[in-house]
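# Notes for the structure review
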Amino acid sequence: MRSIGLVLAAGLAVAGCDRASTPAGQEQVGQEQMAQEQMANAVSPDEAAPSGATAAKPAGTIDRSRRGEAAPTLAFVDPAGKPVTLADYRGTPVLLNLWATWCGPCVKELPTLDALAVREGGKLRVVTLSQDMDPAKATAFLAERKFKALKSWTDPKMAWVPAVASNLPTSILFDAQGKEVWRTIGDLDWTGEAATKAVGEAETETG
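Residues numbered from 1 in each chain as written. Predicted model: local features only at pLDDT ≥ 70, side-chain atom pairs only at ≥ 80, totals over all residues. Heavy atoms only, no water.

Below, the discussion takes up the pairing of strand β5 (residues 125-130). The element β5 is largely enclosed, with a buried count of five among its six residues. With six bridges connecting them, strand β4 (residues 94-99) and β5 associate as parallel partners. Each bridged residue has a counterpart across the sheet, and for Trp99 the counterpart in β5 is Ser130. Handedness of the crossover joining β4 and β5 through helix α4 (residues 104-120) is recorded here as right-handed. Pairing between β5 and strand β6 (residues 153-154): two bridges, direction parallel. The residue bridging Leu129 from the neighbouring strand is Trp153, located in β6. As for the winding sense of the linkage, the β-α-β connection from β5 through helix α5 (residues 135-144) to β6 is right-handed. (Buried < 20%, exposed > 50% of the residue type's maximum accessible area, 1.4 Å probe, protein only. Helix = DSSP H or I, 4+ residues; strand = E, 2+ residues; numbered from the N terminus. Pairing = 2+ DSSP bridges. Right-handed = clockwise from strand over helix to strand, strands pointing away.)

In this structure, Phe76, Leu86, Leu168 and Trp190 are the most contacted members of the largest nonpolar core, which totals 45 residues. Counting residues per element, the ones that place at least two in this core are β4, α4, β5, α5, β7 (170-174), β8 (180-185) and α6 (193-199). (Core = buried A, V, L, I, M, F, W, Y, C linked by side-chain atoms within 4.5 Å.)

Here the focus is the layout of surface pockets. Reported here for the second largest pocket is a volume of approximately 170 Å³. Residue lining of the second largest pocket: Thr92, Ala117, Gly121, Gly122, Leu124, Arg125, Val126, Ala149, Leu150, Lys151 and Trp153, and that is the complete set. Split by residue class, the lining of the second largest pocket holds six nonpolar, three polar and two charged. (1 Å grid on protein atoms, 1.4 Å probe; cavity = no way out; pocket = protein on both sides within 12 Å on 5 of 7 lines; lining within 4 Å. Points joined across faces, edges and corners; volume = space filled by probe spheres on them. Nonpolar A, V, L, I, M, F, W, Y, C, P; charged D, E, K, R; others polar.)

Turning our eyes to something else, we now look at the state of the cysteines. Inspection of every chain in the model, using the stated rule, returns two disulfides. There is a disulfide in this structure between Cys17 and Cys103, and the S-S distance comes to 2.2 Å. Between Cys17 and Cys103, the S-S torsion sits near 90°, and that sign places the bridge as right-handed. Placement of Cys17 in the loop between α1 (2-15) and α2 (29-41) and of Cys103 in the loop between β4 and α4 is noted, with a sequence separation of 86 residues between them. The disulfide partner of Cys103 is Cys106, and the S-S distance across this bridge is 2.5 Å. Every disulfide takes its handedness from the sign of the S-S torsion; for Cys103 and Cys106 that torsion is 75°, giving right-handed. Assessed through its relative accessible area of 0%, Cys103 is described here as buried. (Disulfide = S-S within 2.5 Å.)

This part is about the pattern of salt bridges. In the structure shown here, the tally under the stated rule is seven salt bridges. Linking Arg66 and Asp63 is a salt bridge whose minimum nitrogen-to-oxygen distance equals 3.3 Å. Among the residues examined, Arg66 registers a relative accessible area of 25% and is labelled partly exposed. Here Asp187 ties to Lys108 by a salt bridge, and the two come within 3.4 Å at their closest N and O atoms. With a gap of 79 residues between them, Asp187 in the loop between β8 and α6 and Lys108 in helix α4 connect regions that are remote in the sequence. Under the relative-accessibility criterion, Lys108 is labelled exposed at 60%. (Salt bridge = Lys/Arg side-chain N within 4 Å of Asp/Glu carboxyl O.)

All chains considered together, the criterion is met by three cavities of 30 Å³ or more. Empty space within the second largest cavity amounts to approximately 50 Å³. Every residue lining the second largest cavity is listed: Ala71, Leu86, Tyr89, Arg90, Thr92, Val94, Phe174, Asp175, Ala176 and Gly178. A per-class count over the lining of the second largest cavity returns six nonpolar, two polar and two charged.

Moving on: the pairing of β4. Along β4, six of the six residues are buried, which leaves the element largely enclosed by surrounding structure. Examined bridge by bridge, β4 and β7 share five bridges and lie antiparallel to one another. Note that in β7 the partner of Asn97 across the bridge is Ser171.

Structure (structure tokens):
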């Protein structure tokens with residue numbers, strides 16, 4: 001059991017943000033700490049592994065174990081303030097990125113994620129779904145950085161973590177029919193060759 005705990009701790013550190021990543025002076029810190037504790041306590045892929053001793057995967061590792069699963073039906077709010085689900089975006093592949101302003105790896109990958117969204121245009125919808133307790137914080141954060149394509153989708157009910165992901169950032173690619181293609185935990189260079197090839201799998205699934 002001790003070795004399993006060490007593996008999980010290493011996985012959290014490598015993969016992305018846990019509750020230790022939140023700045024102490026942030027507004028509504030109590031609520032965000034509670035949300036992050038839920039993330040930290042959620043069962044991770046390594047914990048659920050049959051062997052119980054799987055080594056922590058490097059950040060950006062593509063996980064295809066859920067390929068073909070239907071997209072979650074959880075609601076969230078689009079940039080216009082309208083309640084939506086992923087089903088509203090069927091017909092176009094979707095790259096869902098779960099992130100937060102207090103998460104360093106999340107912020108690090110945003111510029112390349114924006115470049116991906118610009119490059120793909122109408123062929124791929126990049127949904128940046130904030131896990132900040134205050135929706136206005138994420139909206140202002142993206143606006144200040146003057147990204148060309150990224151917009152702020154929000155999760156005011158905090159329904160997606162830990163129900164869908166236990167670490168941030170988590171990115172999940174869905175094909176045009178709303179089926180999962182793959183997911184990855186941790187920051188990624190979305191302009192790199194590996195990411196470009198992986199994103200192209202959504203078109204393969206659609207075809």
